[in-house]
Amino acid sequence: MNQYLPILALAALAAGFAVFSVVAGALAGPSRYNRSKLEAYECGIEPTDQPVSGPHAPPGQRFPVKYYLTAMLFIVFDIEIVFLYPWAVAFDGLGVFALIEMLLFAAVVFVAYAYVWRRGGLNWD
């Protein structure tokens, strides 16, 4: 149990900081709300009363799924980089098996990238 004590202490510190931040923000922040503060804010696009052509949603509507798919694509390819860093650091001690596994992993991610590219998921029309 003594081995996990630093991890538990760090988790308690992180949870305490999160709770403190939320409570301090609620107590210290202004509590006066006006109409503009209560409106939805998404992607910096100003809401208008006229329908907008293109990827923007009409007023009162949700934004197209393409925004969220682009964010998910970013996360998927960003996680690939997260997996590559430890592999690159420990490359000398891993051997040929790890090299083959990483090549297979990179090939799977490349196939996903090619699929998204061919389907037009990277176009910002």
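About the criteria used
Residues numbered from 1 in each chain as written. Predicted model: local features only at pLDDT ≥ 70, side-chain atom pairs only at ≥ 80, totals over all residues. Heavy atoms only, no water. UniProt positions renumbered as here; feature names shortened; annotations may be inferred. Helix = DSSP H or I, 4+ residues; strand = E, 2+ residues; numbered from the N terminus. Phe/Tyr/Trp six-rings, centres within 6.5 Å; stacked < 30°, edge-to-face > 60°. Buried < 20%, exposed > 50% of the residue type's maximum accessible area, 1.4 Å probe, protein only. Patch = residues over 30% accessible without salt bridge, like charges linked within 9 Å, V, L, I, M, F, W, Y side chains within 5 Å. Areas by Shrake-Rupley, 256 points an atom, 1.4 Å probe, with all protein chains shown as cover. Salt bridge = Lys/Arg side-chain N within 4 Å of Asp/Glu carboxyl O. Expected span 1.5 Å × (residues − 1). Contact = heavy atoms within 4.5 Å. Axes fitted to C-alpha atoms, helices over the stretch in contact; angles between N-to-C directions. Parallel < 35°, antiparallel > 145°, perpendicular 65-115°, else oblique. Left-handed = near helix turned anticlockwise from the far one by under 90°. Nonpolar A, V, L, I, M, F, W, Y, C, P; charged D, E, K, R; others polar.

In the nomenclature of an unreviewed UniProt entry, the protein chain corresponds to NADH-quinone oxidoreductase subunit A from the organism Mycolicibacter sinensis. Taken from UniProt, the Catalytic activity (unreviewed entry) comment for the protein chain reads in full: "a quinone + NADH + 5 H(+)(in) = a quinol + NAD(+) + 4 H(+)(out)". UniProt's Sequence similarities (unreviewed entry) comment on the protein chain is quoted here verbatim: "Belongs to the complex I subunit 3 family."

1. What about the UniProt feature "transmembrane region" (unreviewed entry) in the protein chain?
In this numbering, the UniProt entry assigns the feature "transmembrane region" (unreviewed entry) to residues 6–28, 67–88 and 94–116. The annotated region residues 6–28 carries 100% helix and 0% strand content, and the separation between its end C-alpha atoms amounts to 32 Å. Secondary structure content for residues 94–116 is 96% helix and 0% strand, and the end C-alpha separation is 32 Å.

2. Observations regarding the packing of aromatic side chains
Note on aromatic pairs: each is described by the distance of the centres and the angle between the planes. One pass over the full model with this rule turns up three aromatic pairs. Seen in terms of ring centroids, Phe-110 and Tyr-113 are 6.5 Å apart; in terms of plane orientation they differ by 40 degrees. Their pairing is tilted. In this pair, Phe-110 and Tyr-113 both sit in helix α5 (residues 96–118), three residues apart, roughly one turn of the helix. Summarising the aromatic geometry, the rings of Tyr-113 and Trp-117 are spaced 5.8 Å apart at their centres and angled 45 degrees between planes, so their arrangement reads as tilted. Of this pair, Tyr-113 and Trp-117 both sit in helix α5, four residues apart, roughly one helical turn. The exposed category is assigned to Trp-117, whose relative accessible area is 56%. Ring-pair connections join several aromatic residues into one group, and the members of that group are Phe-77, Phe-110, Tyr-113 and Trp-117.

3. Thoughts on a nonpolar patch on the surface
Together, Met-72, Phe-74, Ile-75, Ile-79 and Phe-83 make up a nonpolar patch on the protein surface, roughly 520 Å² of accessible area in all. We classify Ile-79 as partly exposed; its relative accessible area is 39%.

4. Brief notes about α5
For α5, built from 23 residues, the straight-helix expectation of 33 Å at 1.5 Å per residue is met to within 8% by its first-to-last C-alpha distance of 33 Å. Close packing links the buried residues of α5 with α3 (65–89) and α4 (91–94). Downstream of α5 by one or two residues, Gly-120 has phi in the positive range, about 85 degrees.

5. Observations regarding the packing of α3 against α5
How two helices sit against one another is set out by the angle between their axes and by the gap between those axes. Orientation of α3 relative to α5, taken along the N-to-C sense of each, is 165 degrees, at an axis distance of 12 Å. Taken together, the axes of α3 and α5 are roughly antiparallel relative to one another. Taken as a pair, α3 and α5 cross one another with a handedness that is left-handed. In this structure, α3 uses Leu-73, Phe-77, Glu-80, Phe-83, Leu-84 and Trp-87 to contact α5, whose residues at the interface are Ala-98, Leu-99, Met-102, Phe-105, Ala-106, Val-109, Ala-112, Tyr-113 and Val-116. Here the contact of α3 with α5 is composed, by residue class, of 14 nonpolar, no polar and one charged.

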